[in-house]
Amino acid sequence: VTELAEGLARRVAIALENATRRARQQFASRMRQPVPRPHEPPQIPGVELAVRLEEPDGASSPGGDFYDIFPVGADRWRFVIADVCGTGQEAAAIAGLARHTLRILAREGHGIATVLERLNELIIDEGEQARFLTLVHGEITAGRPARISLACAGHPLPLVLRTASLLPEPAADPQPLLGVIAGLTFSTQTLDLECGDLLLAVTDGVTKRRHGYRLLGDEDGLARLLAESRDLATTAVAARIAQAAREFGAAPLADDMALLVLRAS
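A quick note: this is a predicted structure, and the numbers were derived from the prediction, not measured.

Before going further, it helps to spend a moment on the overall build of the protein chain. Per the secondary structure count, the protein chain includes 6 helices and 13 strands. Residue pairs in contact within the protein chain that sit at least 24 positions apart in sequence constitute 70% of those at least 6 positions apart. For the protein chain, the accessible surface area stands at approximately 13,400 Å², while carbon and sulfur atoms represent 52% of it.

Inspection of the entire model under this criterion finds 11 salt bridges. Between aspartate 68 and arginine 103 there is a salt bridge, with its nearest N and O atoms 2.6 Å apart. One end of the pair, aspartate 68, is in strand S2 (residues 65-73); the other, arginine 103, is in helix H2 (residues 88-107), and 35 residues separate them in sequence. This pair shows no difference in class: aspartate 68 is buried, exactly as arginine 103 is. Note that arginine 78 and glutamate 139 form a salt bridge whose closest N and O atoms lie 2.6 Å from each other. Taken together, the positions of arginine 78 in strand S3 (residues 76-84) and glutamate 139 in strand S4 (residues 133-141) put the pair 61 residues apart, joining distant regions of the chain. Judged on exposure class, the residue arginine 78 and its partner glutamate 139 are both buried. Within this structure, Arg52, Glu54 and Arg246 form a network of salt bridges that share partners.

Now for the pairing of S3. Counting buried positions over the 9 residues of S3 gives 8, a clear majority of the element. Taken together, the 8 bridges between S2 and S3 define a ladder with antiparallel strand orientation. Residue pairing across strands places aspartate 68 opposite valine 80, the latter belonging to S3.

It is worth spelling out a nonpolar patch on the surface at this point. A cluster of nonpolar residues, Phe132, Val180 and Ile181, forms a patch on the protein surface that exposes about 270 Å² of accessible area. Within the secondary structure layout, phenylalanine 132 lies in the loop between helix H3 (112-125) and S4.

Counting buried positions over the 8 residues of strand S13 (residues 257-264) gives 8, a clear majority of the element. As paired strands, strand S1 (residues 47-54) and S13 are joined by 8 bridges and run antiparallel to one another. Bridge assignment links glutamate 54 to a residue of S13, and that residue is methionine 257. For strand S10 (residues 198-202) and S13, the ladder comprises 5 bridges, and the chain directions are antiparallel. Looking across to S13, one finds that leucine 198 is bridged to arginine 263.

Here the focus is the sheet that holds S10. Taken together, 5 strands build an open sheet; the order of strands is S1-S13-S10-S6-S7 and the sheet is antiparallel. The outermost strands of the open sheet, each flanked by one partner alone, are S1 and strand S7 (169-170). Against the sheet, helix H5 (residues 221-228) makes contact with strand S6 (159-161) and S10, and its axis sits at roughly 35° relative to S6, the strand it touches most. Strands in contact with helix H6 (residues 234-248) are S1, S10 and S13; relative to S13, the strand with the most contacts, it is inclined by about 150°.

Attention shifts here to unusual backbone geometry. Geometrically, the link from arginine 144 to proline 145 is a cis peptide bond, its omega value of 5° lying close to zero. With respect to the helices, strands and loops of the structure, proline 145 is situated in the loop between S4 and strand S5 (146-153). Residue aspartate 75 is not a glycine yet carries a positive backbone phi of 60°. Mapped onto the elements of the fold, aspartate 75 is located in the loop between S2 and S3. For glutamate 219, which is not glycine, the phi torsion reads 50° and is therefore positive.

Looking at where alanine 74 falls in the secondary structure, it is placed in the loop between S2 and S3. Owing to a relative accessible area of 70%, alanine 74 belongs among the exposed residues under this scheme. Taking C-alpha positions, alanine 74 is 8.7 Å from threonine 141, a pair spaced 67 residues apart along the chain.

About the criteria used
Residues numbered from 1 in each chain as written. Predicted model: local features only at pLDDT ≥ 70, side-chain atom pairs only at ≥ 80, totals over all residues. Heavy atoms only, no water. Helix = DSSP H or I, 4+ residues; strand = E, 2+ residues; numbered from the N terminus. Contact = heavy atoms within 4.5 Å. Areas by Shrake-Rupley, 256 points an atom, 1.4 Å probe, with all protein chains shown as cover. Salt bridge = Lys/Arg side-chain N within 4 Å of Asp/Glu carboxyl O. Buried < 20%, exposed > 50% of the residue type's maximum accessible area, 1.4 Å probe, protein only. Pairing = 2+ DSSP bridges. Patch = residues over 30% accessible without salt bridge, like charges linked within 9 Å, V, L, I, M, F, W, Y side chains within 5 Å. Axes fitted to C-alpha atoms, helices over the stretch in contact; angles between N-to-C directions.

Written out as structure tokens, the structure reads:
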């Protein structure tokens with residue numbers, strides 16, 4: 001009887017272990033699905049938003065650039081614009097993991113810095129299959145002025161163009177990218193956007209667009225483009241910068257380009 005009971009207990013333990021493993025695999029599979037194209041950006045009181053994502057000419061595999069904007073509370077929305085190293089299914093898997101993780105942690109009430117710290121550890125835990133990730137993650141608090149809190153991790157610095165300024169300035173300080181160094185801590189910066197002020201965030205498919213030895217981002221190239229577009233609607237700003245990036249180089253577009261434009265209204 002004792003042997004029978006022990007054998008039954010072992011079979012039950014094995015069955016439970018197998019069921020747990022399958023559940024984890026199914027969860028991981030869902031988390032690694034390619035990032036879906038988000039719908040149109042949400043309507044945020046006092047804020048005009050535009051987003052744009054362009055893929056390389058003739059692309060046959062998914063890229064690692066993505067953006068997302070979603071509500072997290074009364075008059076508060078989170079946004080992210082990010083770039084996973086490389087292309088293909090592995091890059092798309094990390095992009096999907098990052099997007100889902102950002103949404104889950106943000107909606108659970110975690111601050112911007114904490115979200116980046118946890119996402120960094122999660123990517124590192126993926127081991128050799130992981131890809132490093134750069135991003136700008138921020139929160140919009142609707143109002144007049146509109147309050148923006150954000151952090152930039154290894155990403156092209158977001159730019160803020162004030163109505164009274166000739167050229168935009170960086171909206172955040174540079175911080176390390178994700179997925180390389182364990183135990184990182186991050187900080188968050190906050191700025192208020194008055195009516196007419198513009199915020200721009202792009203992936204390096206824009207700033208590293210090449211013409212000979214020159215990059216579009218060299219010598220404040222992106223800042224000048226934004227300044228020249230200050231009187232346009234946000235959708236037109238995003239379209240103009242994307243078109244300028246395409247026309248900057250003679251070669252076909254070889255990298256994804258994602259853009260997020262925000263204006264306080």
